[in-house]
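# Summary of the model geometry
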Amino acid sequence: MIHVSLLGKGQLARDIADWFLRSYKFKLCNVVPVTPEPDWCPSLHNWALKHNINVVQDHNDLEDGLDLVMSVFYEKIIKADFIYRCKRIINLHNAPLPKYRGVRPINWALKNGETQHGVTIHEITPGIDDGPIIGQVTYPIYPDIESVKDVYDKSLDYGFSLFMDVMPKIDKIEPVEQNHIEATYYS
């Protein structure tokens, strides 16, 4: 049994938490919601309370040696000392890494007139969104007619599909180093 801590916010984090809760291979031990939680998305904190899952206020308060820590739209920078306390720590980032590292990648992709966007699951390293890629999917976007919300909603659907594809075989997937020369970063 792989013990999991989930960091994040919103509907995708809740869907992933539900998946972990039903899994026979993974055991969801606790969640660390973004605080304060935004009022525009469903509460991970309330979901955890409803399902009797322990809520931890700060990821630094999690125990050492966690089997798997997963970040889903988590807004705090995770520093090296915490990363090295985990056996494995991964992130679901709503961009096709190495492009659009950093915050608000959908906003930047639309502003830059991109016609493709994506979602990436990658290892968390001390850099910002620069860890080896475990899985990635891209999809079309239409900057002239789609809003940030439209593309965000797509990222939820594609992100969950990617998660469901990757997670059952995560221990067999060999992460691939990002091409750092192609990286873009937006703060």
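Residues numbered from 1 in each chain as written. Predicted model: local features only at pLDDT ≥ 70, side-chain atom pairs only at ≥ 80, totals over all residues. Heavy atoms only, no water.

## Concerning unusual backbone geometry
The condition is simple: For helices the rule is a DSSP run of H or I covering at least 4 residues; for strands it is a run of E covering at least 2, with both sets numbered from the N terminus onward.
The amide bond that connects T35 to the next residue, P36, takes the cis arrangement and shows omega of -10°. Along the polypeptide, P36 turns up in the loop between β2 (26-33) and α2 (44-50). Although it is not a glycine, N52 adopts a positive phi angle of roughly 55°. Looking at where N52 falls in the secondary structure, it is placed in the loop between α2 and β3 (54-55). Positive phi, close to 60°, is recorded for Y100, a residue that is not glycine. Following the sequence through the fold, Y100 ends up in the loop between β5 (89-93) and β6 (101-102).

## Digging into helix α5 (residues 148-166)
Quick reminder of the rule: Expected helix span is taken as 1.5 Å per residue step, with the number of steps being one fewer than the number of residues. Between two residues, a contact is recorded if the distance between any of their heavy atoms is within 4.5 Å.
End to end, α5 covers 26 Å across 19 residues, agreeing with the expected 27 Å (1.5 Å per residue, within 8%). Summarising the contacts, the buried residues of α5 are in contact with α1 (10-22), β4 (68-72), β5, α4 (105-111), β7 (116-123) and β8 (133-140).

## What about the confidence of the model for the protein chain?
We count it as follows: Per-residue confidence from the predictor is reported as pLDDT, which spans 0 to 100.
On average, residues of the protein chain score 94 in pLDDT, and 100% of them reach the 70 mark or higher. The secondary-structure element of the protein chain with the lowest mean pLDDT is strand β9 (residues 185-186), recorded at 85, while β8 shows the highest, at 98.

## Thoughts on a nonpolar patch on the surface
The criterion, for reference: Residues qualify for a patch when their relative accessible area is over 30% and they have no salt bridge, like charges being joined within 9 Å and the nonpolar side chains of Val, Leu, Ile, Met, Phe, Trp and Tyr within 5 Å. For accessible areas, the Shrake-Rupley method is used with a probe of radius 1.4 Å. Any residue's cover is judged against the shown protein chains and nothing else. In what follows, salt bridge is the name for a side-chain nitrogen of Lys or Arg lying within 4 Å of a carboxyl oxygen of Asp or Glu. With a 1.4 Å probe rolled over the protein chains alone, any residue whose accessible area is under 20% of its type maximum counts as buried; one over 50% counts as exposed, and the rest are partly exposed.
Together, I77, I128 and Y185 make up an exposed nonpolar region whose accessible area comes to about 310 Å². Tracing the backbone through its elements, the reader meets Y185 in strand β9. The partly exposed category is assigned to Y185, whose relative accessible area is 47%.

## A word on the sheet that holds β5
This is how it is decided: When DSSP finds at least two bridges between two strands, those strands are taken to pair. The convention used is that axes are lines fitted to C-alpha atoms, helices contributing only their stretch in contact, and that angles between N-to-C directions extend from 0 to 180 degrees.
Taken in spatial order, the seven strands make up an open sheet running β3-β2-β1-β4-β5-β7-β8, and their pairing is mixed. With partners counted over all chains shown, the strands left at the sheet margins are β3 and β8, one partner each. Pairing geometry for β2 and β3, over two bridges, is parallel. Bridge pairing in β3 links N30 to N54. Packed onto the sheet, α1 meets β1 (2-8), β2, β4 and β5 and runs at close to 150° relative to β4.

## Quick word on the packing of α1 against α5
Test applied: Small angles under 35 degrees read as roughly parallel and large ones over 145 as roughly antiparallel, with 65 to 115 read as roughly perpendicular and the rest as oblique. Two helices that cross are described as forming a left-handed crossing if the nearer one is turned anticlockwise from the farther one by less than a right angle, and a right-handed crossing if clockwise. For this scheme, ten residues count as nonpolar: Ala, Val, Leu, Ile, Met, Phe, Trp, Tyr, Cys and Pro. Four count as charged, namely Asp, Glu, Lys and Arg, and the remainder, Gly too, count as polar.
Packing of α1 against α5 leaves a shortest axis separation of 10 Å and a crossing angle of 25°. Accordingly, the angle class assigned to the pair α1 and α5 is roughly parallel. Where α1 crosses over α5, the two elements pack in a sense that is right-handed. In this structure, α1 contributes Q11, L12, D15, I16, W19 and F20 to the contact, and α5 contributes S155, L156, G159, F160, F163 and M164. Split by residue class, the contact of α1 with α5 holds eight nonpolar, three polar and one charged.

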